[in-house]
Structures are given as C-alpha cells and as structure tokens.
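Architecture and fold: a report
As a plain string of letters, each chain reads:
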Amino acid sequence: MPDFSLERAWQGPVAGVDEVGRGALAGPVMAAAVIVPEVRRRAVAALGLDDSKTLGPKRCQELHCRLARLVAVGFGVASVEEIDRLNILQATLLAMQRSVAALPIRPEIVLVDGNRAPTLDCPVHTVTGGDATSLSIAAASVLAKAARDRQMAALDRDWPGYGWTQNAGYGVPAHRAALARLGPTPCHRRTFRPVSKLLIPKDS
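Definitions and limits used
Residues numbered from 1 in each chain as written. Predicted model: local features only at pLDDT ≥ 70, side-chain atom pairs only at ≥ 80, totals over all residues. Heavy atoms only, no water. Axes fitted to C-alpha atoms, helices over the stretch in contact; angles between N-to-C directions. Helix = DSSP H or I, 4+ residues; strand = E, 2+ residues; numbered from the N terminus. Parallel < 35°, antiparallel > 145°, perpendicular 65-115°, else oblique. Left-handed = near helix turned anticlockwise from the far one by under 90°. Contact = heavy atoms within 4.5 Å. Nonpolar A, V, L, I, M, F, W, Y, C, P; charged D, E, K, R; others polar. Buried < 20%, exposed > 50% of the residue type's maximum accessible area, 1.4 Å probe, protein only. Arc of directions from axis to C-beta. Core = buried A, V, L, I, M, F, W, Y, C linked by side-chain atoms within 4.5 Å.

**Describing the packing of helix 2 (residues 57-67) against helix 5 (residues 135-158)**
Helix packing for two helices is described by the angle between their axes and how far apart those axes are. Two numbers describe how helix 2 lies on helix 5: the axes approach to 9 Å, and their chain directions differ by 115 degrees. As summarised for this structure, helix 2 and helix 5 are arranged roughly perpendicular, according to the angle between their axes. In this structure, helix 2 meets helix 5 at a crossing whose hand is left-handed. Contacts from P57, C60, Q61, L63, H64, C65 and L67 in helix 2 reach A139, V142, L143, K145, A146, D149 and R150 in helix 5. Taken together, the residues that form the contact of helix 2 with helix 5 break down as 9 nonpolar, 2 polar and 3 charged.

This is the structure:
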C-alpha cells in the first residue's frame with residue numbers, strides 16, 4: 001500500500017502527479033497534482049487510497065469528495081485535438097504541466113508516476129509504480145479519475161450510444177461495437193486505432 005515515505009524526504013510542499021485516460025479511444029487525458037499538508041497526512045492515510053485502476057468508479061467518487069477537503073489539488077487537461085496533434089505522450093506531459101501550474105501552492109518537488117517527467121520550473125522525481133508507492137500520487141490518481149469520469153459522463157449525454165458513462169471512453173468491446181455501428185464522434189481520437197481505420201475511405 002502507498003504511504004508518505006517518499007514525501008518525508010523533503011521539507012517543503014511535495015506534489016504527487018498522475019494522469020488518467022491515456023489509453024482511451026475518446027475524450028481528453030486528464031492529470032491531477034496533489035499536495036497533502038503534513039497536518040493532514042494521517043487523515044489521508046486513513047482513507048485507504050490505492051491506484052485508481054484498482055478502485056471502482058463509485059469508490060473513486062466517494063474518495064474524491066473526502067479528499068477534496070483535505071488536500072490542495074490542481075487539474076490539467078489535454079484535449080482530443082491536442083492528443084491528435086502532439087501525440088499521446090506529449091499531450092499527457094502537457095496535462096501534467098497544467099495540473100502543477102493550477103496548484104494553489106508552489107511545490108518544493110514534484111513526484112510523477114511513471115518514468116517520463118514533464119518540464120517544470122521545480123525539481124521533478126519520477127516514480128515507477130508511483131500510485132502504489134506514494135500517497136500523494138495515489139490521491140492524484142483517484143482525483144484525476146473521478147474528475148475525468150464525470151467529464152465522460154457529461155459527454156455521454158451529448159453523444160449517446162457509446163457507453164462512456166460505463167467505459168469512460170476506453171476500447172471495451174461494447175464501445176468498439178458502437179464505434180463500428182455509429183462511426184466516430186468529434187470526441188474520438190482520430191490517430192488511435194480503430195478510430196483511424198474507420199476514417200479511411202473504403203475505396204482507398
């Protein structure tokens with residue numbers, strides 16, 4: 001389970017950063033940056049946080065409501081257009097930059113889940129498997145997922161039939177079947193398969 005061992009290595013505010021939506025076929029990629037004040041670390045640890053991928057949507061929404069009162073958070077989004085123009089890696093790093101810039105407190109250091117770090121104006125430390133190691137990163141993972149799930153549910157009302165309330169835009173069989181039946185929407189990532197294949201004229 002994640003804890004605050006990494007955060008204790010620094011004296012000043014430590015931000016944990018994670019993203020969600022990188023592998024989806026539709027919708028933006030979203031990042032969250034989280035600073036857990038030292039006086040609230042015990043309360044955050046008591047929530048039983050873990051990688052958001054191991055938690056169901058309902059549990060993430062419950063944790064979102066409780067975390068929002070305990071931490072400082074910044075959100076960053078990279079749009080579908082930016083994903084298709086820049087590629088998913090660069091768009092993800094851009095969303096991370098935006099999340100850190102949105103923090104109400106400047107961090108002393110930023111802990112980023114994974115092995116690729118965005119360019120920031122403060123030190124950055126990458127942590128492979130960070131959402132299972134650092135509670136700040138785990139909190140960022142949960143908050144980013146909860147926020148993105150809400151956004152995808154809103155898009156589902158505008159573009160019904162793809163099941164985004166249930167699948168958050170990921171390429172599950174039901175989403176792929178709807179994509180083949182209904183075709184791509186403006187919310188689909190045109191550089192991702194199978195979306196890109198559906199955009200190729202049949203006589204080409």
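And the narrative resumes.
**A word on helix 7 (residues 173-182)**
Those residues of helix 7 not exposed but buried are H175, A178 and L179. For helix 7, the angular spread of the buried residues around the axis is 105 degrees, confining them to a single face. Of the exposed residues in helix 7, the ones pointing more than 90 degrees away from its buried face are P173, A174, A180 and R181. Taken from the residues just after helix 7, G183 is the one with a positive phi, measuring 85 degrees.

**Some points on unusual backbone geometry**
Note that the residue after R193, namely P194, is joined by a cis bond; omega there is 5 degrees. Assignment of secondary structure puts P194 in the loop between helix 7 and helix 8 (195-198). One non-glycine residue, N87, adopts positive backbone phi at about 95 degrees. Along the chain, the position of N87 falls in the loop between helix 3 (80-86) and helix 4 (88-101). We classify N87 as partly exposed; its relative accessible area is 39%.

**A few points about helix 2**
Among the residues making up helix 2, those that are buried are C60, L63, H64 and L67. For helix 2, the angular spread of the buried residues around the axis is 110 degrees, confining them to a single face.

**Things to note about the nonpolar core**
Residues V17, V29, V110 and W164 are the most contacted members of the largest nonpolar core, which totals 32 residues. For this core, the secondary structure elements donating two or more residues are strand 1 (14-20), strand 2 (29-35), strand 3 (72-78), helix 4, strand 4 (109-113), helix 5 and helix 7. Considering every element that reaches this core, the biggest residue donor is helix 4, with 7 residues. Look past the residues within four positions of V110 in its chain and what remains in contact with it is A15, V17, V100, L120, C122, P123, V124 and H125.

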